[in-house]
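Report on the structure
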Amino acid sequence: MANPILVTGAAGRVGAVGRTVTELLLKQGKAVRAMVRNEDERAQALRALGAEVVVGNLLDLDSMHRAIAGCETIYFGMSVSDAYLAATVNAAAVAKHYGVKAFINMSQMTVSQMSITETTPSPQHKLHWLAEQALNWSGLPVVHARPTVFLEGFFLTLTPDSVRESDQIRLPFGEGKTSPVAAEDVARVIATLLANPQPHIGKIYHLTGPQSENMRFFAQEYSKALGRTITFQDIPVEPWRDELLKRGWPVHVVNHLAAMGDLHRAGRFDRLSDDVLTLTGQRSLSVQEFVRKNAAAFTASAKAKEA
């Protein structure tokens, strides 16, 4: 039997990268070992799809031995966390021990603007930059995938409330341009790399949506998708940051999001790449297509309108 492909973070919500990668590889008939944090209904769902499920923690050495032993190809992805660097190095050390032949690393596109002398205020960006350095030093056969801001992050998580309630997108992006990418497009790229990694070893891929525009442009795209007028309201970063903290968001995550707000305002997210199309043969989802697909999230229910 073929060596299984290890997918970390496989139990994410429906549509998340790890889960979608697992589904895509299984559809191709690949053997997949799906690593999850907890034994729950999501783990059971992955088994039902045909995945071998391993329960463990990226920071735990024994977990990583159980996850990696017998795998030649690995996808490493982890959500925003102050333990990100430790988890990356832990996974890399065990991968090196087993002689893994391809380590596909999910990074971030802002790393392309960083160096030994250039950094950002985001604690997460710093960890991503250091993680890439460590993986490059390790001698592992690595491929770095660097997506820009996810549509599921800022756009599906942080804009629906104000769009539903006041037909406004409220984000601290100023006039800065951005090219958000959908998780499903990133997952298609990762699945492509995992299915045939060898031509890509040592490469770096930048993953963006098909348009880099400011939020006033994207408000028009929301309007077309939803059939009503949506406007963009720029807001200052600090009060927005304070509001996220009040809602109970982790400080590390909030500091990362606030830094991304500042970087958007400074024009640092004005970036565009054809790598999604080149690697998969299909262009990435536009903001209008994404909002139309998720229209229910941006639309008040009939009951809410009556209330």
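The rules behind the values
Residues numbered from 1 in each chain as written. Predicted model: local features only at pLDDT ≥ 70, side-chain atom pairs only at ≥ 80, totals over all residues. Heavy atoms only, no water. Helix = DSSP H or I, 4+ residues; strand = E, 2+ residues; numbered from the N terminus. Rg over C-alpha atoms; globule rule 2.2 N^0.38 Å. Buried < 20%, exposed > 50% of the residue type's maximum accessible area, 1.4 Å probe, protein only. Contact = heavy atoms within 4.5 Å. Areas by Shrake-Rupley, 256 points an atom, 1.4 Å probe, with all protein chains shown as cover. Lys, Arg positive; Asp, Glu negative; His and termini not counted. Charge placed at Lys NZ, Arg CZ, Asp CG, Glu CD. Pairing = 2+ DSSP bridges. Right-handed = clockwise from strand over helix to strand, strands pointing away. Phe/Tyr/Trp six-rings, centres within 6.5 Å; stacked < 30°, edge-to-face > 60°. Lys NZ or Arg CZ within 6 Å of the ring centre and 35° of its normal. 1 Å grid on protein atoms, 1.4 Å probe; cavity = no way out; pocket = protein on both sides within 12 Å on 5 of 7 lines; lining within 4 Å. Points joined across faces, edges and corners; volume = space filled by probe spheres on them. Nonpolar A, V, L, I, M, F, W, Y, C, P; charged D, E, K, R; others polar.

For the rest of this paragraph, the subject is the overall build of the protein. For the protein, the helix and strand inventory stands at 14 helices and nine strands. Taken over C-alpha atoms, the radius of gyration comes to 20 Å for the protein, in line with the 19 Å a tight globule of 307 residues would show. A principal-axis box enclosing the C-alpha atoms of the protein has dimensions of 55 × 45 × 40 Å. Within the span of the protein, comprising 307 residues, buried residues form 52% of the whole. Contacts in the protein between residues far apart in sequence, at least 24 positions, make up 75% of those at least 6 positions apart. Accessible area of the protein: about 13500 Å², with a carbon and sulfur share of 52%. Both charge centroids of the protein, one from 32 positive and one from 30 negative side chains, sit 2 Å from each other.

Counted residue by residue, strand 2 (residues 32–36) has five buried out of five residues, so it is predominantly covered. Here strand 2 shows a buried face lined by V32, A34 and V36 and a second buried face lined by R33 and M35. Pairing analysis gives three bridges linking strand 1 (residues 5–7) to strand 2, with the strands arranged parallel. The residue bridging L6 from the neighbouring strand is R33, located in strand 2. Bridge count between strand 2 and strand 3 (residues 52–55): four bridges; the pairing is parallel. Note on strand 3: the bridge partner recorded for R33 is E52. Handedness of the crossover joining strand 2 and strand 3 through helix 2 (residues 41–49) is recorded here as right-handed.

A positive phi angle, close to 55 degrees, is found at D167, a residue other than glycine. With respect to the element layout, D167 can be found in the loop between helix 7 (160–166) and strand 7 (168–171).

Turning our attention to the packing of aromatic side chains. Summed over the entire model, instances satisfying the criterion amount to seven aromatic pairs. A ring pair is formed by F76 and F103, whose centres lie 6.1 Å apart and whose planes are at 25 degrees; its orientation type is stacked. Residue F76 is located in strand 4 (residues 73–76), and its partner F103 is located in strand 5 (residues 102–106); the two are separated by 27 residues in the primary sequence. Classification of F76 as buried rests on a relative accessible area of 1%. Summarising the aromatic geometry, the rings of F155 and F173 are spaced 6.5 Å apart at their centres and angled 65 degrees between planes, so their arrangement reads as edge-to-face. Of this pair, F155 sits in helix 6 (residues 151–158) while F173 sits in the loop between strand 7 and helix 8 (183–195), and the two are 18 residues apart along the sequence. Aromatic rings pair up to connect F154, F155, F173 and W240 into one cluster. Positioned over the ring face of F269 is R271, at 4.1 Å from the centre of the ring.

Bringing the layout of surface pockets into the picture now. Of the volumes computed, that of the second largest pocket is approximately 250 Å³. Lining the second largest pocket are T157, L158, D161, S162, R170, I235, P236, P239, W240, E243, L244 and R247. If you list the elements that add at least two residues to the lining of the second largest pocket, you get helix 6, helix 7 and helix 10 (237–246). A breakdown of the residues in the lining of the second largest pocket according to their chemical character gives six nonpolar, two polar and four charged.

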